[in-house]
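An overview of the molecular structure
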Amino acid sequence: MKRKYSAFAALVIGIIASANVTAQQPASFVVKANKPTAEIQPTMWGLFFEDINMGADGGVYAELVKNRSFEFETPMMGWKEAKKGGAEGSVLVHNLGEVDMANRRFARVKVKSATGDYGITNEGFRGMGIKQGNQYNFSVMARQQPGSNIVLNIELVNAKGEKIGETTIKPQGQEWKKYTASFTATATEPKAALNVWTKGQGEIDMDMISLFPKDTWKGRPGGLRADMIQLLADMKPGFLRFPGGCIVEGRTLDERFQWKKTIGPAAERDLIVNRWNTEFKHRLTPDYYQTFGLGFFEYFQVAEDIGAEPLPILNAGMACQFNTGEVVPLDQLGEYIQDALDLIEFANGPATSEWGKKRAEMGHPEPFNMKYLGVGNEQWGEQYIERFKEFEKVLKAKHPEITLVTTTGPFPEGAEFEYLDKTLRAMDAELIDEHYYRPPQWFRDNATRYDSYDRNGPKIFAGEYAAQSVAIASPDNKNNWETALSEAAFMTGLERNADVVVMASYAPLFAHAEGWQWTPDMIWVDNLRAHGTPNYYVQKLFSTNKGSQVVPMLHQNEAVTGQNGLYASAVKDNETGEIILKMVNTTDKVQNSETVVEGVKKLASKAKVTVMKSDKLDAVNTLENPINISPVEQSLNVKGNKVNLPLAPYSVTVVRVKAS
Ligand code: AHR
C-alpha cells in the first residue's frame, strides 16, 4: 500500500478538514476488512532492555545490598563501619589476588572490645525498599578466624534507625560456607539499611552479603522484582531485546558486555563498572556497577516467562563510537565470533553440548529456541560493515536458521545512516535496526516513513525510539502526554507498514527515580513502587491490540497520516474475529469520526472502546499519581457496519468490534 502525500495536499486536506471540524462534520474513514495488506508478525511490539538508569542493579534485579562482594573499585562503597555502646573494632578488605577469580575480595571484621556492638552497615541502592509482612532472605559467605566464635546479628532498620526485622547467623569453623536466614519485616520502609552486627570477640571474614525479598518474580530465589516484570508481562510483548544499548559496546572494548561472564553461580560472575556510571557529567552515578546477577540466562528465562522471543545483541568488535570507538583488528575478531557461536549453543544446543550443558546446569535443559541475534548496537562506518561481514560469513554458514540483526547507527537519517542503509540493502541484510530519539513533531511527521520502503528489501526493526520533549538525552526530557501521543501517531505508521516493520521497541525501559542517567524512560520506579508512563500505556495499547493482518483504513482514499491532525490504522484479529481500529487525534478539538467497515457481513452491535486522553500535553504520570494518563474502557453501540464516535482532543482511541 503506497501513498503519495505532498505537503500541498496536506495543506489542502488540512484546510478542508478544519473547515469540517468547524462545521462539526465527522471525519469519515473506510476500512476495507477483506483487503488485507500485510501479516502482522507476532514479534511486532516488543521490549528493549538495558542496564541504564539503575534498571538492573538497584532496579529489576531484586538484590537489596549494594556492593555485596566488595568488588566495586572503592571496595567499601555502600558500606560503613557501625558501632554502638562503646564498641571498638576494624574492617579490612582483603584481596586474594588470584587473577582469574571473579570475586577476589572479602571483608575481615575484627572485634576488639568486649562491650557494645560492632559491625558494618549497607545503605542499599538509595536505601532498601522493605514491605511489612514480607519475608526477606539473607545470605552470607563466612568463615571464623582461628580462636574466634562470632555470631552475626542481622538487622534491618528504617530511616530513623529503628529495627524493622532481624535474624541471627552462627558461622562455624574456618572454611568458607554459605549461611542463610529468613525473617519477616515488621514495617514498610523505602529507605531501610542493613546492619550486620558481630557478637563476641575475634575476627570473622564475610563475602557475598546479600538480602533478597522472597516475593520475587515467580518466587525465584535471587530473582527479579515482581512488580516490574509484571508491568512487562502485561504488555504481552513479542520480543525482548537485551542487554542494550550502548552497554553492549562498552566505553572501551575491555568494558564491553561479555555474556559468558554473566552466567553460572552469581558469586562467580565478574562485575564491571556500568558504562552509564560516568557518561553524563550532569548525572554522575559513581556507585553504578553491573554485578550481572541479571545475566544472559535470566534474560532468556524472563523472555520465555513473558512469551517474548529472545533477541540478544552482541558486541561487533567495536566499542561505543560516542566514546573511544576502539575496534578489534579484523584478524582478531575470531573470539567475538566464537562468542556468538557459543551463545547460539547456550540458547539452543542440546543439554549434552558444551554450552547447552551450562544452560541445563542452571536449570533449563530445554533449549530457549532463540531465532534472532543482533551484531552490534549503534555502530557506523565501514569498520562496522567489515566486521559484520566476518560474523555473517561464519554465522550464516553454521546457523542459517538464525536471523541476523544489523544496525544503521544512532540516527534515522544523515550520511552515516544513508551509507549503512544502502550498503546493508546491497548485502541483502535480513533485519535492520533503526533508532530514533527525536522531537515529538518528528514522530508525527514520520507516520509515513515506511510507506516508501522497498517491500522486497530487508525487514525493519525499530529497535530504539522515544520522543524527546526537550532534546536528545536532555535531563529535562519528560514522559509527557505529547511524547506518547506523537509516538502513537507514528506507531499507526509502523502498523500500517507491518509488511516491512516486523519489530518495534520503545527505549530505554526502566529508570529509578533517584538513580537515572537518561530520560525519558518507559517505566519509572523507586524502591517500593513502579509505574507506567503514558508512553508505556501507548505501547501496551498497541501490543495488546496487535491483531493478525493489516487492513486499509482510508480517508478520501488515502491512508490517515496526519490529515487534520488525525492518524489511524486498522487490523483484523483472525483469532477473535474482531476488527481493531486505532485512531489518534493530535489536535485540541473533539473530532467526530464515522468509520464504515467494508467487506464484512455485519458488525456486532457493541464495540469495546479504549481511550487514553488528556487535555494537557505536558501531563505526566508520577509515582504518586501513576495512572493519571492511562487507558479507560467503555462500550459503544454500533449500527450496521458503521463505527461512529467522537475522538477526544489529544487522544488515542482503540476500538474492537466483532465482525462476521
Ligand atoms: O537508550 C539509551 C541509549 O540510546 C542506548 O544505550 C543507545 O543504544 C542509544 O544511543
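Sequence positions are assigned chain by chain, starting from 1 and proceeding in written order. Local features in a predicted model are, by the rule used here, given only for residues with pLDDT of at least 70; side-chain atom pairs are given and counted only at 80 or more, and totals for whole chains, interfaces and linings are based on all residues. To get the side-chain values, all heavy atoms of the structure are used, and hydrogens and water are removed first.

Here we come to the packing of helix 4 (residues 334-348) against helix 5 (residues 354-361). Simply put, an axis is a line fit to the C-alpha atoms, just over the touching stretch for a helix, and the angle between two N-to-C directions goes from 0 to 180 degrees. Each helix is a run of H or I in the DSSP string that is no shorter than four residues. Each strand is a run of E no shorter than two, and both are numbered from the N terminus. Two elements in contact, helix 4 and helix 5, have axes separated by 7 Å at closest approach and are oriented at 45°. Considering the angle they form, helix 4 stands oblique to helix 5. In this structure, the crossing between helix 4 and helix 5 has a hand that is right-handed. Contacts between helix 4 and helix 5 involve D342, E345, F346, A347 and N348 from the former and E354, W355, G356, K358 and R359 from the latter. The class makeup of the residues in the contact of helix 4 with helix 5 is three nonpolar, two polar and five charged. Note that the term roughly parallel is reserved for angles under 35 degrees, roughly antiparallel for angles over 145, roughly perpendicular for angles of 65 to 115, and oblique for everything else. For any pair of crossing helices, the crossing counts as left-handed if the nearer helix is rotated counterclockwise from the farther one by less than a right angle, and right-handed if it is rotated clockwise. Residues count as neighbours in contact if any of their non-hydrogen atoms are within 4.5 Å of one another. In this classification, Asp, Glu, Lys and Arg are treated as charged, Ala, Val, Leu, Ile, Met, Phe, Trp, Tyr, Cys and Pro as nonpolar, and every other residue, Gly included, as polar.

Right, let's talk about a nonpolar patch on the surface for a bit. Side chains of F322, F411 and I472 sit close together on the surface and give an oily, nonpolar patch of about 280 Å² of accessible area. Inspection of the secondary structure assignment puts I472 in the loop between strand 22 (459-467) and helix 9 (481-496). Put simply, a patch holds well-exposed residues, over 30% relative accessible area, that have no salt bridge, with like charges counted together within 9 Å and Val, Leu, Ile, Met, Phe, Trp or Tyr side chains within 5 Å. Areas reported here follow the Shrake-Rupley algorithm with a probe of radius 1.4 Å; residue values treat only the protein chains shown as occluding. Take a side-chain nitrogen of Lys or Arg and a carboxyl oxygen of Asp or Glu: if they are within 4 Å of each other, that pair is a salt bridge.

Take the confidence of the model for the protein chain next. One number per residue, pLDDT, summarises how confident the predictor is, and it ranges from 0 to 100. Confidence along the protein chain averages 95 in pLDDT terms, with 96% of residues attaining 70 or more. Here residues 1-23 scores under 50 on pLDDT; set against residues more than four positions off or in separate chains, the count is 26 contacts.

Moving on to the side chain of S543. Inspection of the secondary structure assignment puts S543 in helix 10 (residues 534-543). Summary of the burial criterion: residues with accessible area below 20% of their type's maximum are buried, those above 50% are exposed, and those between are partly exposed, where the area comes from a 1.4 Å probe applied to protein chains only. Here S543 falls in the buried class, since its relative accessible area comes to 5%. With residues near it in sequence (within four places) discarded, S543 still touches W45, M235, K236 and P237.

Secondary-structure assignment places T407 in strand 20 (residues 403-407). Exposure remark for T407: the relative accessible area of 0% places this residue in the buried category. Put simply, T407 and E434 are 27 residues apart on the chain and 6.5 Å apart in space, counted from C-alpha to C-alpha. Separated by 2.8 Å, the side chain of T407 and the backbone nitrogen of G409 make a polar contact. Pairing of N or O atoms within 3.5 Å defines a polar contact, subject to two protein rules: one partner must be a possible hydrogen donor and the other a possible acceptor, and residues neighboring in sequence count only if both atoms are side-chain atoms.

Each aromatic ring pair is described using two quantities: the centre-to-centre distance and the angle formed by the ring planes. Aromatic pairs are defined between Phe, Tyr and Trp rings, using the six-membered ring for Trp, whenever the two ring centres lie within 6.5 Å; interplanar angles under 30 degrees are classed as stacked, those over 60 as edge-to-face, and all others as tilted. Scanning all chains against the criterion turns up 42 aromatic pairs. Taken together, a centroid distance of 5.3 Å and an interplanar angle of 85° make the contact between F239 and F461 edge-to-face. Here F461 lies in strand 22 and F239 lies in strand 15 (residues 239-242), a separation of 222 residues in the sequence. With a relative accessible area of 0%, F239 lands in the buried category. Given a relative accessible area of 0%, F461 falls into the buried group.

Surrounding the ligand, one finds E50, G245, C246, W276, N377, E378, Y437, E464, P508 and W518. Separating an oxygen atom of the ligand from a backbone N or O atom of C246 is a distance of 2.8 Å. Out of a free accessible area of 280 Å², the ligand has 96% covered by protein chains. Of the residues contributing to the shell around the ligand, the split by class is five nonpolar, two polar and three charged. Nearness here has a simple test: a residue counts as near a molecule or strand if at least one of its heavy atoms is within 4 Å of that partner.

Turning our attention to the sheet that holds strand 1 (residues 27-32). Pairing between two strands is assigned when DSSP locates at least 2 bridges connecting them. Strand order in the open sheet made by the five strands is 29-28-1-32-35, with mixed pairing throughout. A single partner strand is all that each edge strand has here, and the edge strands are strand 29 (558-559) and strand 35 (642-647). Where strand 28 (residues 553-555) lies against strand 29, two bridges are found, and the strand directions are antiparallel. Opposite H555, over in strand 29, you have E558 as the bridge partner.

The next thing to look at is the sheet that holds strand 5 (residues 89-95). Pairing in this open sheet of five strands is antiparallel, and the strands run 5-6-14-9-12 from one edge to the other. The open sheet has two edge strands with one neighbour each: strand 5 and strand 12 (177-184). Each neighbouring strand pair of the sheet contributes to a mean axis angle of 35°, computed without reference to strand direction. In the sheet, strand 6 (residues 105-111) pairs with strand 14 (residues 202-213) via five bridges, with the strands oriented antiparallel. Paired with A107 across the bridge in strand 14 is M206.

For strand 22, the tally of buried residues reaches eight of nine residues, placing the bulk of the element in the interior. Sheet topology note: the strand 21 (residues 431-438)/strand 22 ladder contains eight bridges and is parallel. In the strand pairing of strand 22, Y436 is matched with Y465. Throughout, right-handed denotes a crossover for which the path from the first strand over the helix to the second runs clockwise when the strands point away from the viewer. Regarding the hand of the β-α-β motif, the stretch spanning strand 21, helix 8 (residues 440-445) and strand 22 is right-handed. In this structure, strand 22 lies alongside strand 23 (residues 501-506), joined through four bridges in parallel fashion. By the bridge assignment for strand 23, A462 is matched with A504. Following the backbone out of strand 22, through helix 9 and into the adjacent parallel strand 23, one traces a crossover that is right-handed.

Attention now moves to unusual backbone geometry. For the peptide bond that leads from F242 to P243, omega is 0°, which places it in the cis range. Tracing the sequence through the fold places P243 in the loop between strand 15 and strand 16 (272-273). Between A507 and P508 the backbone carries a cis peptide bond, its omega angle lying at -15°. With respect to the helices and strands, P508 occurs in the loop between strand 23 and strand 24 (510-512). In this structure, N67 takes a positive phi of about 60° despite not being glycine. Structurally, the position occupied by N67 is in the loop between strand 3 (47-48) and strand 4 (79-84).

To estimate how far a helix should extend, the number of its residues minus one is multiplied by 1.5 Å. The terminal C-alpha atoms of helix 6 (residues 382-398) lie 25 Å apart, and with 17 residues this matches the ideal 24 Å at 1.5 Å per residue to within 8%. Taken together, the buried positions of helix 6 are occupied by Y384, I385, R387, F388, F391 and L395.

Of all five residues that make up strand 20, four are buried, and the element is covered over most of its length. As paired elements, strand 19 (residues 372-375) and strand 20 share three bridges and run parallel to each other. Considered in strand 20, the bridge of Y372 is made with T403.

To continue, consider the side chain of T408. Topologically, T408 is positioned in the loop between strand 20 and helix 7 (415-426). On the accessibility criterion, T408 (1% relative accessible area) is buried. In this structure the side chain of T408 is engaged in a polar contact, spanning 2.9 Å, whose partner is the backbone oxygen of D433. Among residues more than four places away in sequence, those in contact with T408 are Q379, F417, L420, D421, L424, I432, D433 and E434.

So, on to the packing of helix 3 (residues 296-305) against helix 4. Two numbers describe how helix 3 lies on helix 4: the axes approach to 11 Å, and their chain directions differ by 50°. The angle between helix 3 and helix 4 places the two elements in the oblique class. Crossing angle aside, the handedness with which helix 3 passes helix 4 is right-handed. When helix 3 is examined against helix 4, the residues F296, F297 and F300 are found in contact with a partner set consisting of L343, F346 and A347.

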